[in-house]
Amino acid sequence: MDHVNNDQIRQNVRSRYKQIALQEVNSGSCCSCCGTPNEVSAKLGYSDEELSAVPEGANLGLGCGNPLAIAELNPGDVVLDLGCGAGFDCFLAARQVGETGRVIGVDMTPEMISKARNNAAKGGFNNTEFRLGEIEYLPVADGSVDVIISNCVINLSPDKPQVFKEAYRVLKPGGRLVISDVVATAELPSEIKNNMDVLYSGCVSGAASIGELESMLQQSGFTQITIEPKDESKEFIKDWVPGANIADYIVSAIIKAMKP
């Protein structure tokens, strides 16, 4: 039964992001609020220089932070972006790792992958590639990645322990997980938890608590785990689902962990 429910959640999320990729909807999606994509991303901590450095159409105004600000990428790194969307964070990472590095974006929505590949060609990003796949079953070789980034995507997964197991598998020894995501700070009311159509694809009802995330990461083998909630994120989170007071229940956090 869980497999059926999990697949329903994935289909729901995939459908939502297909619409976003095809620009059939402009708001009400995961981690989006009022304003243009650049205005939204500026609130999340992206600089004007970063926003102007990516191909037009790569930034969809999604996310709940800026993982690149704390990822400390180095030239030559192999970086994996879980739930890459149209490639925004991948292209910023590609600039940091340089021509000797490589960035792999994985997304389960075919329309997003097509959009990302077109953006890469448009921007001349030869050190990026985009692969269609689910983050619970990554199309990536064992021990091949230096750093994993992600921006407000893992909360959308109905099987988060499997996501972290896969992340651990593909990282090299000494590799790092550096993600921005939402965490639950209070028990979600049942009307929020059960509203799949709006709130699961809206980065709300799938949020896990800090304790749950720490346990999942530890059980996957990760060490040096830190989860830092960002209270200031309530300012933009409150706009995600107007009238629902969701900032009372979730907050953005920076999550870091290492594979020994």
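From a predicted model like this one, the values you see are computed outputs, not experimental measurements. Within each chain, residue numbers correspond to sequence positions counted from 1 in written order. Restriction of local features to residues with pLDDT of at least 70 applies here, the model being predicted, together with a cutoff of 80 or more for giving and counting side-chain atom pairs; totals for whole chains, interfaces and linings are based on all residues. With hydrogens and water excluded, all non-hydrogen atoms of the structure serve as input to the side-chain values.

S.K.: Sorry, what's going on with the packing of aromatic side chains here?
M.R.: Given two aromatic rings, one states the distance between the centres and the angle between the planes to describe the pair. Here the aromatic set is Phe, Tyr and Trp, taking the six-membered ring for Trp, and pairing holds for ring centres within 6.5 Å; pairs whose planes are under 30 degrees apart are stacked, those over 60 apart are edge-to-face, and all others are tilted. Taken as a whole and judged by the stated rule, the model has five aromatic pairs. Ring centres 4.6 Å apart and planes at 35 degrees place the aromatic pair Phe-91 and Phe-125 in the tilted group. Within this pair, whereas Phe-91 is found in helix α4 (residues 88-97), its partner Phe-125 is found in the loop between α5 (110-123) and β3 (128-132), the two being separated by 34 residues in sequence. Each member of the pair, Phe-91 together with Phe-125, is buried. Ring geometry for Tyr-168 versus Phe-222: centroids 5.3 Å apart, planes at 85 degrees, classification edge-to-face. Within this pair, whereas Tyr-168 is found in helix α6 (residues 160-170), its partner Phe-222 is found in the loop between α9 (210-220) and β7 (223-230), the two being separated by 54 residues in sequence. Exposure is judged per residue with a 1.4 Å probe applied to protein chains only, and the accessible area is read against the type maximum: over 50% gives exposed, under 20% gives buried, and values in between give partly exposed. Classification of Tyr-168 by relative accessible area gives partly exposed; the value is 22%. Judged by relative accessible area, Phe-222 falls into the buried class, the value being 3%. An aromatic cluster of at least three residues, connected via ring pairs, comprises Phe-91, Phe-125 and Phe-130. Here, a charge over a ring means that NZ of Lys or CZ of Arg falls within 6 Å of the ring centre while also lying within 35 degrees of the ring normal. Sitting over the ring of Tyr-168, Lys-259 keeps its end group 4.8 Å from the ring centre. Here a strand is any run of E in DSSP of at least two residues, a helix any run of H or I of at least four, and the numbering for each starts at the N terminus.

S.K.: I'm lost on the pattern of salt bridges in this one. Help?
M.R.: Close approach of charged atoms lets side chains of opposite charge pair. For this document, the term salt bridge refers to a Lys or Arg side-chain nitrogen within 4 Å of an Asp or Glu carboxyl oxygen. All chains considered together, the criterion is met by eight salt bridges. Between Glu-129 and Arg-102 there is a salt bridge, and its shortest N-O distance comes to 2.7 Å. Here Arg-102 lies in strand β2 (residues 102-107) and Glu-129 lies in strand β3, a separation of 27 residues in the sequence. Accessibility expressed as a relative area gives 27% for Glu-129, which makes it partly exposed. The salt bridge partner of Glu-129 is Arg-131, with a shortest N-O separation of 3.0 Å. Taking relative accessible area as the criterion, Arg-131 reaches 22% and is therefore assigned partly exposed. One network of salt bridges, with partners in common, ties together Arg-102, Glu-129 and Arg-131.

S.K.: Is there a simple way to explain the pairing of β2 in this structure?
M.R.: Two faces, one strand: in a regular strand the side chains alternate between the faces of the sheet. Burial within β2 is extensive, with five of its six residues counted as buried. As paired strands, strand β1 (residues 78-82) and β2 are joined by five bridges and run parallel to one another. Paired with Leu-80 across the strands is Ile-104, a residue of β2. Regarding the hand of the β-α-β motif, the stretch spanning β1, α4 and β2 is right-handed. Summarising the sheet, β2 and β3 pair through five bridges and their orientation is parallel. For Val-106, the partnering residue across the bridge sits in β3 and is Arg-131. One crossover worth recording links β2 to the parallel β3 by way of α5, and it is right-handed. For two strands to pair, DSSP has to find at least two bridges joining them. With the strands pointing away from the viewer, any crossover whose connection runs clockwise from the first strand over the helix to the second is right-handed.

S.K.: Any chance you could explain unusual backbone geometry here in plain terms?
M.R.: Here the phi dihedral of Glu-72 falls at roughly 50 degrees; this positive angle occurs in a residue that is not glycine. Note on Glu-72: relative accessible area 61%, which makes it exposed. A positive phi angle, near 60 degrees, is found at Cys-152, a position not held by glycine.

S.K.: Any chance you could explain the side chain of Glu-166 here in plain terms?
M.R.: With respect to the secondary-structure elements, Glu-166 resides in helix α6. Each polar contact in these results corresponds to two N or O atoms within 3.5 Å; when the atoms are within protein, one needs to be able to donate a hydrogen and the other to accept it, and residues that are neighboring in sequence are counted only if both atoms are side-chain atoms. From its side chain, Glu-166 meets the backbone nitrogen of Leu-138 in a polar contact 2.7 Å long. Excluding residues within four positions of it along the chain, Glu-166 makes contact with Ile-135, Glu-136, Tyr-137 and Leu-138. Between two residues, a contact is recorded if the distance between any of their heavy atoms is within 4.5 Å.

S.K.: Where do I start with the packing of α6 against α9 in this structure?
M.R.: Working note: a packed helix pair is described by the angle between its axes plus the distance between those axes. A fitted line through C-alpha atoms serves as each axis, taken over the contacting stretch for helices, and the angle formed by two N-to-C directions is quoted from 0 to 180°. With their axes 9 Å apart at the nearest point, α6 and α9 run at an angle of 40 degrees to one another. In terms of orientation, α6 and α9 fall into the oblique class. As α6 packs across α9, the resulting crossing turns out to be right-handed. Residue-level inspection shows Lys-160, Pro-161, Phe-164, Lys-165 and Tyr-168 of α6 in contact with α9, the latter providing Leu-213, Met-216, Leu-217 and Ser-220. When its residues are assigned to classes, the contact of α6 with α9 shows six nonpolar, one polar and two charged. Here the angle decides the label: under 35 degrees means roughly parallel, over 145 means roughly antiparallel, 65 to 115 means roughly perpendicular, and every other value means oblique. Left-handed describes a crossing whose near helix is turned anticlockwise from the far helix through less than a right angle; right-handed describes the clockwise counterpart. Under the convention adopted here, Pro, Cys and the residues Ala, Val, Leu, Ile, Met, Phe, Trp and Tyr are nonpolar, Asp, Glu, Lys and Arg are charged, and Gly plus all remaining residues are polar.

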